[in-house]
2 protein chains.
Amino acid sequence: MHGKTAGWLNPMTDQDQNLAAIVNTTQGSYRVIVGRDVIDDLGFELKKTGLQGRAFLVADEVMFPNPTRRAQEALERGGYATHLLALEIGESNKNLETVQLVYDWLAELRADRGDIVVAMGGGVTGDLVGFAAATWLRGVAVVHVPTSLAAMVDSSIGGKTGVNIPNGKNLLGAFHQPKLVLQDVGHLDSLPAREMSAGWAEAVKHGIILDAQLLDTFERLAPQMRALEGDEPVDAIRKSVAIKGDIVSADEFETGDHRILLNYGHTIGHAIEKVSGYGTYLHGEAVAIGMMAAGKIAVQLGMIDTNLLNRQRAVLESYALPTRAVGLDVNEMIEATKSDKKSRGGTIRWVLLEGPGKATTRCDVPEELVREAIQSILD
Amino acid sequence: MHGKTAGWLNPMTDQDQNLAAIVNTTQGSYRVIVGRDVIDDLGFELKKTGLQGRAFLVADEVMFPNPTRRAQEALERGGYATHLLALEIGESNKNLETVQLVYDWLAELRADRGDIVVAMGGGVTGDLVGFAAATWLRGVAVVHVPTSLAAMVDSSIGGKTGVNIPNGKNLLGAFHQPKLVLQDVGHLDSLPAREMSAGWAEAVKHGIILDAQLLDTFERLAPQMRALEGDEPVDAIRKSVAIKGDIVSADEFETGDHRILLNYGHTIGHAIEKVSGYGTYLHGEAVAIGMMAAGKIAVQLGMIDTNLLNRQRAVLESYALPTRAVGLDVNEMIEATKSDKKSRGGTIRWVLLEGPGKATTRCDVPEELVREAIQSILD
């Protein structure tokens, strides 16, 4: 009926419209599907991906019971035997002890190499469950069902997994690409407003660093985006996902000049999280403030003018994001910046703007400029 | 002076002669160097591999202080800043707690993505330190310096890493290919005789399953091999390494029909280790007995004649390997065979001989034949 796309038709939603990205990696290619009610196609999409075996669904407890049951039923409709583990997962227990709970469960049920782990939840869930899947029997298939906006537009794509140890955040991890990423925008309806804003920070960032047109859309339609009204927000999420997917395809291991651009705002963002105490700011909030500091550096270096910095502030504020972090010590901040793990051989590689939708990296930023930039967001 | 190979000349040993294999994987290609006194070239070889950063040498305590200090000095001569951690590493502490000790050390010294982990020791060291490297900052470069024969001809090549949890052996792991494998045959001079034999089991196995000529060499020169006299043992190790390297290059993730052949003798070998209690038999010893059981199955299926089975027994015995396991319960053995993690979807994929140097896989072995084969090695 539909010619060559017939085999790709989705029983409930229009496949081609929902396909946001195809990510190409050394571990294989995978689709990122974004749409409303796509969760009901989870089993169908797994099957289309060619996955066999049992589905081990690990979900953040906040998604239990209704969203997880709906996912489980979709898996069963696809013909998969399922097991469900709902766990309280958060930054405070993103550690090996929690990973061990997943291992124990997989061991108990004798999950084998042909089985599939499905991670359903926010970014922490994806990081932690992805790590468990990466290290179980030297890696089993993982499918991400991110349910927070930040996880959708950012962490669910690209195969990064991470676990904290007492010495630091995300010091453990592995690159383990998923076989499929399925994002149901309906899951965002129950996400707290502050977490939504933190997610928009990452999405807007993609526009700021790589796509002036997307940035423009985010500026024009902020209220509509935030209300998740109509098609535009879903389209914008898809576009943001596509940017992330392209970058991962071009620079899978962050060894080149592409993937690092996504760290715009992160050097100082990480320092803010650390100095203020993890949990004070959401990651996206800290990144928003970090982008303002990075913007200040770029202005000081003459790379951009103040107008663009102001424009950045305005768009962030229109998504209810903070652009300043009051009450932190500038010296502590500088120390934290230096110990950020993105530094290599002691030199910090800064991601800085050259214009709207255009970022680059610089290793030659004098500490004095960093200090002034940090001061500008602390005042 | 030497034309196109000039750039590859080693200052102390003849590079081309010592190069046993180049392994090609999705994570990159790497050289396996085998020879006497090559440990003194460690820093030079790392440099030639293009590795930068600090070298974090993690060694089995039995290699401390002399062999580790020699390795460390070689690294320093290559211009590397080094850190050394000597750990008691064995099957009994091949767990996440020991991995955590490595993490703590790396964290303390702020090992970053550009640094190198060098694992020096036997198979357990390679598995455990390889796992730590695979999961530190989503994977840092690892170089293997295997010091046992089993690790040289088998586990150091192919990127498998593994850690035990209470529920089972090697349930955790990752595929993390090394950047270089450097094997100094001189390290074998201090290896206990029983461990040497266990290593020969894996080397001989490579001949049995894939190279009739190598099998013939192992049969003819057993006393000379065992005494490590002259060039033949080093050549045989190189040849065995090359077979392993070719298989890994052809079937990196054991998803095809190649790498599984290396599991010849392992299904029943693992069962023997489990039922007798881990540590009763060395892995290579259990594999030797397992090869005898697999040989019996092949005879029963009419794939080989009794002569080849007897020939296999003779060569194993000439390396002081056991070919029987007295005192184990046949029913327990069958149960353990079924739960071997190589099984997929419940069916055991047996690696069986079709002739000398020729192995294949079969999934249709009736339990009754398995029982008879197990009985034949228990009597």
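Everything that follows concerns the structure shown earlier in this document.
Anyway, here's the lowdown on the structure attached to this text. Only a predicted model underlies this, so the values are computations on that prediction, with no experimental measurement involved.

## Remarks on the relation of the copies chain A and chain B
Both copies of the chain are tied together by a single rotation about an axis and a shift running along it. Rotating chain A by 180° and translating it 0.0 Å along the rotation axis places it on chain B, where the RMSD comes to 0.0 Å. Taken together, the rotation and translation relating the two chain copies correspond to the operation of a two-fold axis. Residue A:Thr26 of chain A places its C-alpha closer to the rotation axis than any other residue of that unit, at 3.2 Å. A share of 100% of the interface residues of chain A reappears at the interface of chain B, consistent with the copies meeting face to face through the same patch.

## A few points about the pairing of strand S6 (residues 141–146) of chain A
On a regular strand, each side chain points to the face opposite its neighbour's, so the side chains alternate between the two faces of the sheet. Residues and elements named next belong to chain A. The buried count for S6 comes to six of six residues, which makes it a mostly enclosed element. Side chains of S6 alternate between two faces, with Ala141, Val143 and Val145 and Val142, His144 and Pro146 buried alike. In terms of handedness, the path from strand S5 (residues 116–121) via helix H5 (residues 123–135) over to S6 forms a crossover that is right-handed. Pairing geometry for S6 and strand S9 (residues 180–184), over two bridges, is parallel. Considered in S9, the bridge of Val143 is made with Leu180.

## Examining the environment of A:Lys274
All names here are of chain A. Locating Lys274 in the fold gives a position in helix H11 (residues 266–276). The partly exposed category is assigned to Lys274, whose relative accessible area is 43%. Sequence separation of Lys274 and Thr337 is 63 residues, and the distance between their C-alpha atoms is 9.4 Å. Not counting residues up to four positions away in its chain, the partners in contact with Lys274 are Ala336 and Ser339.

## A word on the sheet that holds strand S5 (residues 116–121) of chain B
Residue and element names in this part refer to chain B. Spatially, seven strands are ordered S1-S2-S9-S6-S5-S3-S4 in an open sheet, and the strand pairing comes out mixed. Looking at strand neighbours, the two that pair on one side only are strand S1 (19–25) and strand S4 (82–87), the edges of this open sheet. For this sheet, the mean inter-axis angle between neighbouring strands, taken without regard to orientation, is 15°. Two strands pair when backbone bridges link them, and strand S3 (residues 55–60) and S5 are joined in this way by five bridges, in the parallel orientation. Counterpart to Ala55 in the pairing with S5 is Ile116.

About the cut-offs
- Residues numbered from 1 in each chain as written.
- Chains lettered and ligands numbered in written order.
- Predicted model: local features only at pLDDT ≥ 70, side-chain atom pairs only at ≥ 80, totals over all residues.
- Heavy atoms only, no water.
- Least-squares fit on C-alpha atoms with pLDDT ≥ 70 in both.
- Contact = heavy atoms within 4.5 Å.
- Buried < 20%, exposed > 50% of the residue type's maximum accessible area, 1.4 Å probe, protein only.
- Helix = DSSP H or I, 4+ residues; strand = E, 2+ residues; numbered from the N terminus.
- Right-handed = clockwise from strand over helix to strand, strands pointing away.
- Pairing = 2+ DSSP bridges.
- Axes fitted to C-alpha atoms, helices over the stretch in contact; angles between N-to-C directions.

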